[in-house]
Every structure is written in structure tokens, then in C-alpha cells.
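# Examination of the molecular architecture
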Amino acid sequence: MDLKKLEVWLITGSQHLYGDETLRQVAEHSGIIADAFNHSTQIAIRIVCKPTVKTPDEIFRVCSDANISPDCIGIITWMHTFSPAKMWIRGLNVLHKPILHLHTQFNRDIPWSDIDMDFMNLNQSAHGDREFGHLLTRMRIDRKIVAGHWQDEKTLDQINTWSRAAAGWHDWQGARFVRFGDNMRQVAVTEGDKVEAEIQFGYSVNTHGIGDLVKVIGQVSEESIDKLVSEYEEKYVVSDSLRKGGQRHDSLREAARIERGLTAFLEEGNYKGFTDTFEDLHGLRQLPGIATQRLMAAGFGFGAEGDWKTAALVRAMKVMAAGLPGGNSFMEDYTYHFEPDNQLVLGAHMLEICESIADSRPSCEIHPLGIGGKEDPVRLVFNSGEGPAINASLIDLGNRFRLLVNEVIAVAPLRALPKLPVARVLWKPYPDMRAGCAAWILAGGAHHTCYSQNLGAVHMQDFAEMAGLEFVLIGKNTDIYQLRNELRWNDAYYSDERKAR
Ligand code: MN
């Protein structure tokens, strides 16, 4: 995933009123700002400076071009001078890409001793951007507003955060996700309206019977399995029984066969993620464990028990976080530690935690699963590092989707966990265990999430704005009384058919 292949267009608004010299300076300044953004290590995507727009037709054209450009993930707008906003109506009416309104000014400081009317004519964003902003508010267009000098680190950081969110959103458009089998029987939160998701989010979810995958797995060559087994032995601490000559080596080979087959299926179908369920594994000897863990690390989305919404979310978050240290993984709130004054959640799954969040070289082990009635699956076992993180959950409320984020702080395990045969994370939810868990449940959050070490609440909020998603944050300032009201007010807001789907 190379985010530098993606473009954000910097579109500067003006009008013909000011004459050629001013417009020349406007264009020059826009170019300087775009260059600075491109030379900044803080911004992950490429900024493309577009010619200054001065008429309704130019605005309509650049918005139309942005829509159809396969690499343009969003636009940054800036009104260096005044740009009467009615000129923007036609363009904004057709624009389908996310907008960041950059409210900046070329000069950082007022040139106290030199300032004259020429300077005032050129540097008008303080009021020009207000005219533009008014129209977007009037048109009810969701956008990000970044206010500050363009050389300020906070400004760059906000632009980068939004750009990463836009990259995730862009990745969803036309994306394909495959479900092997259906949903885990009787489970509510992993279900949802796939037609509505495709209309709102742009990705499609379709099912293949597990037999289709079994067939591809059956075609994997022994040489290809040999190679992958050596890779496992090089990369992980493989337990003795799984090693060549070991009693269970055949199970490791089977795990490698499953990984090769799954990879081939996903690549041939151009899929960006998948789901499976332990209730439907006909013809598979093991529930995919290490295969799923490694495919996630390679960038594929995953959701267990048919959870396609989480699979798509994991994928989007992996794209948003591309190149950042730390990882993103499918996750489940598994077990609690209710020790007074040190309350913790242990996050894990039956097998499928992404190795991108491992704090050291994972060990490759085999243990019984306990459910599903299949052979023992091979899996990677590891701890995950401490530090700030988030859990994000996308749920279907019947009339709309809700994106829920809980800020957490991960902590190192208090003691060794020698008998726990799965990868795990320990965290404390904000604002605290009592309120954090209650808030999550009140908001209807799923037990499945995407756990992220390198994205923050703002990435997800920016993403939600682009997706037209309700966004609920459970963080340091969450208060249950306030949250209960917020959820009720949101219900009223989304009872409007234009907001709900
Ligand atoms: Mn689960």
C-alpha cells in the first residue's frame, strides 16, 4: 500500500475581479503551499495543485474531474481571495469526493510597517473562506475544516489525518469482500444490510460456499507448501512438534496449504478481505488460524463468524494506517480482570489476531480449539505492546450504521500467561472500566472490533464524515448521562429520512 500513489487536489478559489497580477500571485502561492506539503514528511499522500478556479464553469469542471479521477481521494479547498460562493453551487452539487476546507493565509504575519491595500486585496482568506464555508453549511455538506497557518505542524498533522481517512474511504469504493459460509447461527451484531452497505459505503460483500475454497486449497502444490513451511520456520519460534520430523509437522503443512489456497482465492477474486465461520468448515481440516493472521498482516481485512462489517473496517483501517509503526487487527473483548484499581480487558479471539500488533517474534503453536469439531489449528501466539490504542466497531442499527470508537490504553500483561494458547492484548478502556464498558454496551457496540495501535479517534471521525456515518466516541470525557442524551438526539437526527438511509 503506497499512499504516495494517491492524490489530494488543492483547489484555490478566486474570481476575475482582482486582475491578472493578483491572480498570478494567488496561483504562485498555491503552488508554494502544495510543494511544501509534498516535501513534508508529515503528509503521506501526494498533493496536486490545480489551476485557480475563477468561474462557475471552472469549478464545475474541476469537481467533475475529481469525481472520475481514479487516484484523487479528495480535495482541499482554499479561498486565498474572495470567491463568491454561489459560483460553487453547481460544482459542489456533483462532487462525490471528500472535502477538506483549509482555512489558511499565505502570510503568517501581518507586515506591520508595509501593509497596504494591495496586501489586503491579496490576503482575503479571513473573509473569503467564511463566504465559502457558509455555502457548505447551507448545502449541508459534511467536510473537515482545518484552520491555521499552512506551515504550522498542527495544520500538517490535521491534513495528514484527514488524508489517511480519505485513503481508507477511497479504498472501499468498488472493493470486494468474500464470505466463506454465512453468519454464525443466531448471532445478531455480525449481521447487517449488505445492499445498504454497498449503496452507502461502495463495497460489495458476496458469499462463496466453503467448498469453492476447499477446491482451491486442494490444488496447492507440495513445493509451494515446502516454501511456506520454511518461511514459518525462519520467521517464527515454531514449536518442536510442528517442526520437520516433529509429531505434528503434518498439521503445519496443512496450515500452510490453507494459507496458500486462501491467498490464491483472494488474489484471483480481487478481494480485499474475507470472513469465515467455525460452523461451516466442510472439507477444511482446520479452522484457518495462522493463515488468517498472516493475511491480515499482508493487508487483508478479516471478520470471524461471518462478520463482514468488521472485515471491511479492518481493511479500511489498514489502508489508513499504511506506513505507520504499529498495527491493526481484528479483535474481540474476551475476558475481564476486575481487580479493584487495576481493571483490564483481555482482548483476543479463538485464533485470529493480526501479527502486526505483536510485541516480539510470535511463536507458532498447535492446540485444540474446543469448538467446531475440526483438527487442532496452528496459530501464532504473542503479546502486544503497551500504549494508546482504539477499538472501533461498525454496527447496523436498522435505519443506519453507527461507527463506535473507544479510546483505550494498552498495558503489558501483569504476569506470564503460559497456558493461554492465543495472541492477546490487555487494555484499560477510557474513561474507566466501569463507564467505558457501560457506554459501549449502551451504544450497541459489537464484541468484534478493529483494534488499532496507530490510528486515533480523529482518523475515525474524519472517516465517518466521509461515509455519512453516525460517529460515537467513548473517550476520556465520556459521561454516561451525556452519552445517553447524545444517542437519543442522534436517533432524532437520523429519523429524518435524508440523514437515515
Ligand atoms: Mn468472535
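In this report, the structure presented in the accompanying data block is examined. The model shown is predicted, which means the values in this text are computed figures rather than measured ones.

Helix and strand content of the protein chain: 15 helices and 19 strands. For 501 residues, the compact-globule formula gives about 23 Å, and the C-alpha radius of gyration of the protein chain, at 25 Å, lands near that figure. Expressed along its principal axes, the backbone C-alpha trace of the protein chain runs to roughly 85 × 55 × 45 Å. Expressed as a percentage of the 501 residues in the protein chain, the buried residues total 55%. In the protein chain, of all internal contacts separated by at least 6 residues, the share reaching a separation of at least 24 is 78%. Surface exposure of the protein chain reaches about 22000 Å², of which carbon and sulfur atoms provide 50%. Charge separation in the protein chain, taken as the distance between the mean sites of 53 positive and 66 negative side-chain charges, equals 2 Å.

Our next topic: the packing of helix α6 (residues 153–172) against helix α14 (residues 457–467). Here α6 crosses α14 at 50°, and the two axes come no closer than 8 Å. In terms of their interaxial angle, α6 and α14 are classed as oblique. In the crossing of α6 with α14, the sense of the turn from one axis to the other is right-handed. Touching Thr 161, Trp 162, Arg 164, Ala 165, Ala 166, Gly 168, Trp 169 and Trp 172 of α6 are Val 458, His 459, Asp 462, Phe 463, Met 466 and Ala 467, all from α14.

Among the 10 residues of strand β15 (residues 387–396), eight are classified as buried, and the element is accordingly described as predominantly covered. Judged from the 10 bridges that link them, β15 and strand β16 (residues 401–411) form a sheet pairing that is antiparallel. In the strand pairing of β16, Ala 389 is matched with Val 408. Here β15 hands over to β16 after four residues, with Gly 398 in that stretch at a positive phi of 95°. Pairing geometry for β15 and strand β18 (residues 448–452), over three bridges, is antiparallel. Residue pairing across strands places Asn 391 opposite Tyr 451, the latter belonging to β18.

Right, let's get into the nonpolar core. Here is a general trend for soluble globular proteins: nonpolar side chains tend to be buried in one another's company. With 85 residues, the main nonpolar core has Trp 172, Phe 201, Tyr 203 and Met 460 as its most contacted residues. By size, the runner-up hydrophobic cluster in this structure holds 30 residues, among which are Val 238, Leu 242, Ala 255 and Ala 410.

Moving on to empty space enclosed by the protein. Under the counting rule described, the total for this entry stands at one cavity of 30 Å³ or more. Put simply, the largest cavity is a space of about 30 Å³. The wall of the largest cavity is formed by Ala 255, Ile 258, Gln 286, Leu 287, Pro 288, Gly 289, Ile 290, Ala 291 and Val 378. Of all the secondary structure elements, the ones that give two or more residues to the lining of the largest cavity are α10 (249–268) and α11 (290–297). Each residue belonging to the lining of the largest cavity can be placed in one class, and the counts come to seven nonpolar, two polar and no charged.

By secondary structure assignment, the location of Pro 340 is in the loop between β11 (328–337) and β12 (344–347). Taking the relative accessible area as the measure of exposure, Pro 340 reaches 62% and is therefore exposed. Along the primary structure Pro 340 and Lys 194 are separated by 146 residues, whereas in three dimensions their C-alpha atoms are 42 Å apart.

Omega for the bond connecting Tyr 430 with Pro 431 falls within 30 degrees of zero, at 0°, which places this linkage in the cis form. Structurally, Pro 431 can be placed in the loop between β17 (425–429) and α13 (433–442). Positive phi, normally seen in glycine, also occurs at Asn 270, with a value near 55°. Position of Asn 270 relative to the elements: it lies in the loop between α10 and β9 (273–276). For Asn 270, a relative accessible area of 57% puts it in the exposed group. Unlike most non-glycine residues, Asp 341 shows phi in positive territory, near 70°. As for its position among the elements, Asp 341 is in the loop between β11 and β12.

With respect to the helices and strands, the residue Arg 400 is situated in the loop between β15 and β16. By relative accessible area, which is 3% here, Arg 400 ends up buried. There is a polar contact of 3.3 Å between the side chain of Arg 400 and the side chain of Asn 399.

Criteria and cut-off values
- Residues numbered from 1 in each chain as written.
- Predicted model: local features only at pLDDT ≥ 70, side-chain atom pairs only at ≥ 80, totals over all residues.
- Heavy atoms only, no water.
- Helix = DSSP H or I, 4+ residues; strand = E, 2+ residues; numbered from the N terminus.
- Rg over C-alpha atoms; globule rule 2.2 N^0.38 Å.
- Buried < 20%, exposed > 50% of the residue type's maximum accessible area, 1.4 Å probe, protein only.
- Contact = heavy atoms within 4.5 Å.
- Areas by Shrake-Rupley, 256 points an atom, 1.4 Å probe, with all protein chains shown as cover.
- Lys, Arg positive; Asp, Glu negative; His and termini not counted.
- Charge placed at Lys NZ, Arg CZ, Asp CG, Glu CD.
- Axes fitted to C-alpha atoms, helices over the stretch in contact; angles between N-to-C directions.
- Parallel < 35°, antiparallel > 145°, perpendicular 65-115°, else oblique.
- Left-handed = near helix turned anticlockwise from the far one by under 90°.
- Pairing = 2+ DSSP bridges.
- Core = buried A, V, L, I, M, F, W, Y, C linked by side-chain atoms within 4.5 Å.
- 1 Å grid on protein atoms, 1.4 Å probe; cavity = no way out; pocket = protein on both sides within 12 Å on 5 of 7 lines; lining within 4 Å.
- Points joined across faces, edges and corners; volume = space filled by probe spheres on them.
- Nonpolar A, V, L, I, M, F, W, Y, C, P; charged D, E, K, R; others polar.
- Polar contact = N/O pair within 3.5 Å; in protein donor to acceptor, adjacent residues only side chain to side chain.

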